[in-house]
Amino acid sequence: MKFNYKKLQNHIVEPLPAVDVLKEKIIFHAFEVESVEDLGNGDYELEIKVLPDRAFDAKDDRGMAREIAALFDLTLVDPDSYDAAASTELVFSLNQVSTLLGRVITTINIEKMFNAYHYVFSISGDQVSLAIPPWRSDIVHIYDIADEIGRYLGYESVTPVLPQLSASVSHDKEFQSIVTKKQELISKGYHEVMTYSLTKKGDYQVAKGPKGKDFLRTNLLDGMRIAYAVNKQNEELLPNASAKIFEIGKVFLTTGEELHVAWIDAKDEHEEVLTIDETLSTIVERVVTEGDRVRTSTESRFHMWSEYPFMTRDIAVWLPESVSNNELVSIIKKNGTELLQGEPRLFDQFTKDGRTSYAYRIVFQAFDRTLTDNEVNPIMDMIYSECKSNSWEIR
Amino acid sequence: METPQGTLHPLTLVMNDMVRIFEGLGFSVATGPEMEDEWHNFDALNVPAGHPARDMQDTFWIRGEQGKLLRTHTSPVQIRYMENHDITQRPVAIICPGKVFRNEATDATHEMQFHQMEGLLVGENISIAHLKGVLLEFFKQFVGPDTDIRLRPSFFPFVEPGLEVDVKMGDKWVEVLGAGLVNPVVLKNVGFDPQKVSGFAFGMGIDRLATLKFGVPDVRLYYQGDVRLNQF
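Residues numbered from 1 in each chain as written. Chains lettered and ligands numbered in written order. Predicted model: local features only at pLDDT ≥ 70, side-chain atom pairs only at ≥ 80, totals over all residues.

Asks: How should I be thinking about the pairing of strand 5 (residues 113-123) of chain B in this particular structure?
Replies: Residue and element names in this part refer to chain B. The buried fraction of strand 5 is high, at 9 of 11 residues. Sheet topology places strand 4 (residues 92-101) next to strand 5; 10 bridges connect them, and they run antiparallel. Its bridge partner lying in strand 5, Ile 94 is registered against Leu 120. Where strand 5 lies against strand 9 (residues 198-205), 8 bridges are found, and the strand directions are antiparallel. Pairing of Gly 123 across the sheet is with Ser 198, part of strand 9. (Buried ≥ 20, exposed ≤ 12 C-beta atoms within 10 Å, placed from the backbone. Helix = DSSP H or I, 4+ residues; strand = E, 2+ residues; numbered from the N terminus. Pairing = 2+ DSSP bridges.)

Spelled out as structure tokens, the structure:
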């Protein structure tokens, strides 16, 4: 909803605070301010997302001015008044509001806030009685009071408290079985994928769904086969140069929703209902291993891949016993330029007559073009010549 | 030769990491169906038919199945859990990671399927201070010890007060999740007595957190089945 700074000013006696100050206060105590447009001549247009429960009282300049006046202790040109006797009365306890917010709310807090909004109220000990103003019919129960007081005082005034919960947790068995199965499959060299639940055929159709993809899948393999074909093409770029994949996910049959696991590799494809291991203890200390932490705690950043084709080159070199193959790898990496993708992959190794032959596959790819032999051959020549200068024999 | 290890999907890594932190704080994992009914996805959560909040979440309704839908959030799992829980015996402390669906146009930041993690704590005298305590501790472990959180007023029908939570990442505040105290209407709907217990709930997008953590440029990459995504 759009509000005009000068029009808001018309409703308030004192000069409004600077627009930045105004914006900040509204964001942390009332509504999200989505944008401020400078209209020139000291005027601004504020785009304010009035929350659905405040759609009645903050729907116009006068309503928003009431909110601003209360937040900044300013005076309305035409102050609010209402017939308290004709209003609904809400009685609440200070102690209860304090408990919900997790901070002490005093009579002073209540008096300051309710006076700022020109509410009619009375306080007796711990009990507060509020005559709900007719423009705030959204205030119904004590949670609404907690909402009002919390935002008026600001949530930075609530000190974080960590609840003391029982140390042993009780995960459901479906989740534990999923975690266990994933660990088992990656230990067998499979990579996890996730595909779409919506597809072109199935037992259930969604209304107004995306065209050609408005049925719920009845199996995982249909989607995975398409993924597998793509991965097979890119196999050299994948971890372990392997396109073996698995997925665990829900499928939707007329007989009900089922949790499936499926995998595809060069020899086999397989899909079954994931067995929920009922023997798993529901009380566990930890289901997730520290290993998962190590991988995500690093400052790892995602590297987008190139959409252009890659090119591979194999190199096999005889190294004397005294030389480590790491030296060969560093020569490849040093000369590989930015076109080299990932680590050179050792795919063959054997020792004969005091020398070892190491065979590496090297992958080249550019981000902005399809590579040609003319670009890659000189790189390989550099690698060959450095090997030769070490007196290593190229096979 | 020994088989080299395969890789987990980045969303699994992030989800596992989140579970690891929350289980350390005493939260247990709960799951529920992806095809839901209107009661658990909307009505029980104080979103009755005709409520404008229903339009806020573009729903995939199942054709020919009255009241059936793909869940639009993981919040129905909290309803299912609370319906079967004796709150007089012990508090509810759960997290619900899972896939959710929205019928909306897709782009680099919107996908018609994504993952959420719901958190719920209900017991005696649970407050906003506890919500802040749990979320601050979570993000200190997830983002780093120097992070901070801040709460802003917002609105979701199933909580009151409703809050938007920003998290400090580097020198920037990022809007990451919605939260609040469980609306007493929701507590009543599952048979709890709002005079005796209170609670907080929060929900955050796992895909969004993974994107913030790793810098994946397009959320649609998560569901192409392309193993080049598994870089971690």
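Asks: Quick question: what am I supposed to make of helix 2 (residues 19-29) of chain A here?
Replies: For the α-helix, the turn length of 3.6 residues means that residues three or four positions removed from each other point alike. Looking at helix 2 of chain A, one finds that the buried residues are A:Leu22, A:Ile26 and A:His29. In a view along the axis of helix 2 of chain A, the buried residues occupy a sector of 90°, so they form one face of it. Turned more than 90 degrees off the buried face of helix 2 of chain A, the exposed positions are A:Asp20 and A:Val21. Buried residues along helix 2 of chain A sit in contact with strand 2 (32-40), strand 3 (43-49), helix 3 (61-72) and helix 6 (142-153) of chain A together with strand 6 (149-154) of chain B. (Arc of directions from axis to C-beta. Contact = placed C-beta atoms within 7 Å.)

Asks: Please explain the sheet that holds strand 16 (residues 345-352) of chain A as it appears in this structure.
Replies: As a general point, the strands of a sheet are linked pairwise by backbone hydrogen bonds and lie either parallel or antiparallel. Residues and elements named next belong to chain A. Pairing is antiparallel in the open sheet, where 4 strands are placed in the order 16-17-15-18. Here the strands that pair on one side only, and so sit at the sheet edges, are strand 16 and strand 18 (393-394). Bridge analysis of strand 16 against strand 17 (residues 355-364) gives 7 bridges, and the strand direction is antiparallel. If you follow Gln 349 over to strand 17, its bridge partner there is Tyr 358. Together, strand 15 (311-320) and strand 17 form the strand contacts of helix 10 (residues 325-335), whose direction differs from that of strand 17 by roughly 25°. Helix-sheet contacts for helix 11 (residues 373-389) involve strand 15, strand 17 and strand 18, and the interaxial angle to strand 15 is about 5°. (Axes fitted to C-alpha atoms, helices over the stretch in contact; angles between N-to-C directions.)

Asks: What is the right way to read the nonpolar core from this model?
Replies: In globular proteins that are soluble, nonpolar side chains generally tend to be buried together. A:Val97, A:Ala146, A:Ile245, B:Ile94, B:Val165, B:Ala179 and B:Phe200 are the most contacted members of the largest nonpolar core, which totals 124 residues. Beyond its immediate sequence surroundings of up to four residues, B:Ile94 is in contact with B:Phe27, B:Ser28, B:Ala30, B:Gln78, B:Tyr81 and B:Leu120. Counting residues in hydrophobic clusters, the runner-up holds 17 residues, among them A:Leu8, A:Leu46, A:Ala58 and A:Ile68. (Core = buried A, V, L, I, M, F, W, Y, C linked by C-beta atoms within 7 Å.)

Asks: Would you mind showing me how to read helix 1 (residues 10-24) of chain B here?
Replies: Residues and elements named next belong to chain B. Relative to the 21 Å expected for 15 residues at 1.5 Å per residue, helix 1 spans 21 Å between its end C-alpha atoms, a close match to the ideal helical length. Burial analysis of helix 1 places 13 of its 15 residues in the buried class, the great majority of the element. The positive-phi residue at the C-terminal boundary of helix 1 is Gly 26, with phi of around 100°. (Expected span 1.5 Å × (residues − 1).)

Asks: Honestly, unusual backbone geometry in this entry has me stumped. Any pointers?
Replies: Phi is mostly negative for residues that are not glycine, and the peptide bonds are mostly trans. The linkage connecting B:Glu160 with the following residue, B:Pro161, adopts the cis geometry, with an omega of -5°. Considering the arrangement of structural elements, one finds B:Pro161 in strand 7 (residues 159-169). Notably, A:Asp353 is not glycine yet its phi reads approximately 50°, a positive angle. Topologically, A:Asp353 is positioned in the loop between strand 16 and strand 17.

Asks: Whenever I open this one, the confidence of the model for chain B confuses me. Can you help?
Replies: Caution is warranted with low-pLDDT regions, since their predicted coordinates should not be read in detail. Confidence along chain B averages 94 in pLDDT terms, with 98% of residues attaining 70 or more. As a predicted assembly, this complex carries a pTM of 0.92 together with an ipTM value of 0.96. (pLDDT = per-residue confidence, 0-100.)

Asks: What is the right way to look at the packing of helix 10 of chain A against helix 11 of chain A in this model?
Replies: Think of two packed helices as two axes; the pair is described by the angle between the axes and how far apart they sit. Residues and elements named next belong to chain A. Contact geometry for helix 10 and helix 11: axes closest at 9 Å, N-to-C directions at 145°. Every pair of crossing elements has a handedness; the one defined by helix 10 and helix 11 is right-handed. Contacts from Ile 331, Ile 332 and Asn 335 of helix 10 reach helix 11 at Ile 379, Met 382, Ile 383, Glu 386 and Cys 387. Grouping the constituent residues of the contact of helix 10 with helix 11 by class yields 6 nonpolar, 1 polar and 1 charged. (Left-handed = near helix turned anticlockwise from the far one by under 90°. Nonpolar A, V, L, I, M, F, W, Y, C, P; charged D, E, K, R; others polar.)

Asks: What should I look at first to understand the sheet that holds strand 2 of chain A in this one?
Replies: Residues and elements named next belong to chain A. Read across the open sheet, the 3 strands follow the order 1-3-2; overall the sheet is antiparallel. Edge strands, defined here as strands with exactly one partner in the open sheet, are strand 1 (2-4) and strand 2. Going from strand to strand, the sheet's axes swing by 25° on average, the running direction of each strand aside. Bridge count for strand 1 against strand 3 is 3 bridges, and the pairing is antiparallel. Considered in strand 3, the bridge of Asn 4 is made with Glu 45. Along the sheet, helix 2 makes contact with strand 2 and strand 3, crossing strand 2 at roughly 165°.

Asks: Honestly, the packing of helix 1 of chain B against helix 5 (residues 128-142) of chain B in this entry has me stumped. Any pointers?
Replies: Residue and element names in this part refer to chain B. Between helix 1 and helix 5, whose axes approach to 10 Å, the crossing angle comes to 130°. With respect to helix 5, the element helix 1 is oriented oblique. Two packed elements cross with a definite hand, and for helix 1 against helix 5 that hand is right-handed. Every residue of helix 5 that contacts helix 1 at Asp 17, Met 18, Ile 21 and Phe 22 is listed here: Phe 138, Gln 141 and Phe 142. Of the residues in the contact of helix 1 with helix 5, the class split is 5 nonpolar, 1 polar and 1 charged. (Parallel < 35°, antiparallel > 145°, perpendicular 65-115°, else oblique.)

Asks: How should I be thinking about the environment of A:Ala359 in this particular structure?
Replies: All names here are of chain A. Residue position: Ala 359 is located in strand 17. Taking the C-alpha atoms as reference, Ala 359 lies 83 Å from Pro 133; in sequence the two are 226 residues apart. With residues near it in sequence (within four places) discarded, Ala 359 still touches Asp 314, Ala 316, Phe 347, Asp 348 and Gln 349.

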